[in-house]
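Survey of secondary and tertiary structure
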Amino acid sequence: MTDTGKDTTVVIVGGGVAGLALGNFLLQKGVGCIVLEKHSREYVEQRQRAGALDAGGVRVLNEWGVGEAVEGYSHGDSDSGMPLLIDGVKRQWKMGDDDEDDVDGAFCPQQVLVRNLIRVFLRDGGDLRFEAQDISLHDIDTEQPLVRYRDANGSTRTVTCDFVAGADGYRGVSRTAIPEDVLTCSTHEFGYAWLTVMTEAPADPLAVLAVHSRGFAAQITRGPNASRLYLQCPLTDTVEQWPDERVWNELEARFGDPVDPKGPITSKQVVPLRGVVFSPMSYGRLYLLGDAAHLISPMSAQGMSLALHDADVLARGIIQHVEKNDSYLLAGYSDACLNHTWERQASAVSMTQAMHDSGDPNYEGEFRKQIARKNLETMLEPLAAPHPAS
């Protein structure tokens, strides 16, 4: 590599899926990078987040030689492995017939993927700095951006680089470095929320979804001894309105069957469903990726796969610039990722509305419920015809 006189080629702000994936991809090609993460390693590795990768996400990891990060978590076609209950009747998703290869998606808890990406990055010699506080970005519109932070010992550190990758999430500092008159934000509010509940009870099968006149519900694995429950609820609901007994009773009502085993509930949160896209995803030498650039409805289970797509596109652009002094891919990074993001957002809105509007008509009315039911039916195998009476 050419010595540019800077501390590193890329400073990556944020040690989540997007930042760690980018770091691993660059490391595989010998491009220097430093990952700054404000939390401790223990916190990052144990933080519970939603987790599923589509085949495209798994394929990206394999192509960069870090597929080991999801080894043991591939479970075949994600739809066929995720039963859907409609008013208590089990339905099957239509099997896709347009797969280009045999790569499967994976039910990989996000903290497991993060833990594995950390392990691979450090094993291969990566520079990952935890507990980096008060991170600030400077001179990002010049050829020599720099990043300042306070390290775990309280000392102020400055890192010079060629590029900054902002992967520090929706509430991170990276996006705020882009001038307000440059950045636009497009938002869609769905009009309802999820009560999300962490419980020390395994999910078997790994994921179950339900559409019911009382609202959407789901139970999704978060590892061998934990799962997260989801219950559609009004935006005005509070955690206090959902004592543990009500949570389990409501899940059973929407599933149409007893839920067993039940376990201790460790946390609850009311989360409004929304989609958010920031544009552009780059400014000067700063490139946004993952949740720093977009939020997608959790119904789509596309958050991690979107993050990996951004990391893949950005890594290719940086590597082409470093190896060939060619900035063509970097110049097209924002447009390429935004195009992909809007495609995923369109799919997410369609799926979210089909699954939620087709249940409780109190949110969108009976007309929208019937439309949503018809749209949902196009995604499912038809019900078997009843046998005629003898």
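A brief look at the structure comes next. (Residues numbered from 1 in each chain as written. Predicted model: local features only at pLDDT ≥ 70, side-chain atom pairs only at ≥ 80, totals over all residues. Heavy atoms only, no water.)

What follows covers the overall build of the protein chain. Looking only at helices and strands, the protein chain features nine helices and 17 strands. Dimensions of the protein chain along its principal axes, counting C-alpha atoms only, are 85 × 45 × 45 Å. Counting all 390 residues of the protein chain, 50% fall into the buried class. For the protein chain, long-range pairs separated by at least 24 residues make up 72% of all intrachain contacts whose partners lie at least 6 apart in sequence. Summed over all atoms, the accessible surface of the protein chain reaches about 18,100 Å², with 47% contributed by carbon and sulfur. Looking at the protein chain, you have 35 positive and 55 negative side-chain charges, and the mean spots of the two groups are 3 Å apart. (Helix = DSSP H or I, 4+ residues; strand = E, 2+ residues; numbered from the N terminus. Buried < 20%, exposed > 50% of the residue type's maximum accessible area, 1.4 Å probe, protein only. Contact = heavy atoms within 4.5 Å. Areas by Shrake-Rupley, 256 points an atom, 1.4 Å probe, with all protein chains shown as cover. Lys, Arg positive; Asp, Glu negative; His and termini not counted. Charge placed at Lys NZ, Arg CZ, Asp CG, Glu CD.)

Mapping glutamine 111 onto the fold places it in helix H4 (residues 110-123). Assessed through its relative accessible area of 7%, glutamine 111 is described here as buried. Once residues within four sequence positions are removed from consideration, glutamine 111 is found in contact with Glu45, Gln46, Arg47, Gln48, Arg49 and Arg222.

What follows covers the packing of helix H1 (residues 17-28) against H4. Two numbers describe how H1 lies on H4: the axes approach to 10 Å, and their chain directions differ by 30°. Of the possible angle classes, the one that applies to H1 and H4 is roughly parallel. In terms of crossing hand, the pair formed by H1 and H4 is left-handed. Taken together, the residues of H4 that come into contact with H1 (itself represented by Val17, Leu20, Ala21, Gly23, Asn24 and Leu27) are Gln110, Leu113, Val114, Leu117, Ile118, Val120 and Phe121. Residue classes in the contact of H1 with H4 are distributed as 10 nonpolar, three polar and no charged. (Axes fitted to C-alpha atoms, helices over the stretch in contact; angles between N-to-C directions. Parallel < 35°, antiparallel > 145°, perpendicular 65-115°, else oblique. Left-handed = near helix turned anticlockwise from the far one by under 90°. Nonpolar A, V, L, I, M, F, W, Y, C, P; charged D, E, K, R; others polar.)

Another point: H4. Relative to the 20 Å expected for 14 residues at 1.5 Å per residue, H4 spans 20 Å between its end C-alpha atoms, a close match to the ideal helical length. The buried count for H4 comes to 10 of 14 residues, which makes it a mostly enclosed element. Of all the residues in H4, the buried ones are Gln110, Gln111, Val112, Leu113, Val114, Asn116, Leu117, Ile118, Val120 and Phe121. With its phi angle positive at about 95°, glycine 125 sits one or two positions after the end of H4. (Expected span 1.5 Å × (residues − 1).)

Glancing now at the pairing of strand S10 (residues 184-199). Taken together, the 13 bridges between S10 and strand S14 (residues 265-279) define a ladder with antiparallel strand orientation. Residue pairing for S14: tryptophan 194 is matched across the bridge by valine 271. Where S10 meets strand S13 (residues 227-233), seven bridges bridge the pair, whose relative direction is antiparallel. Opposite leucine 195, over in S13, you have leucine 231 as the bridge partner. (Pairing = 2+ DSSP bridges.)

By themselves, these figures tell us nothing about what the structure is for.
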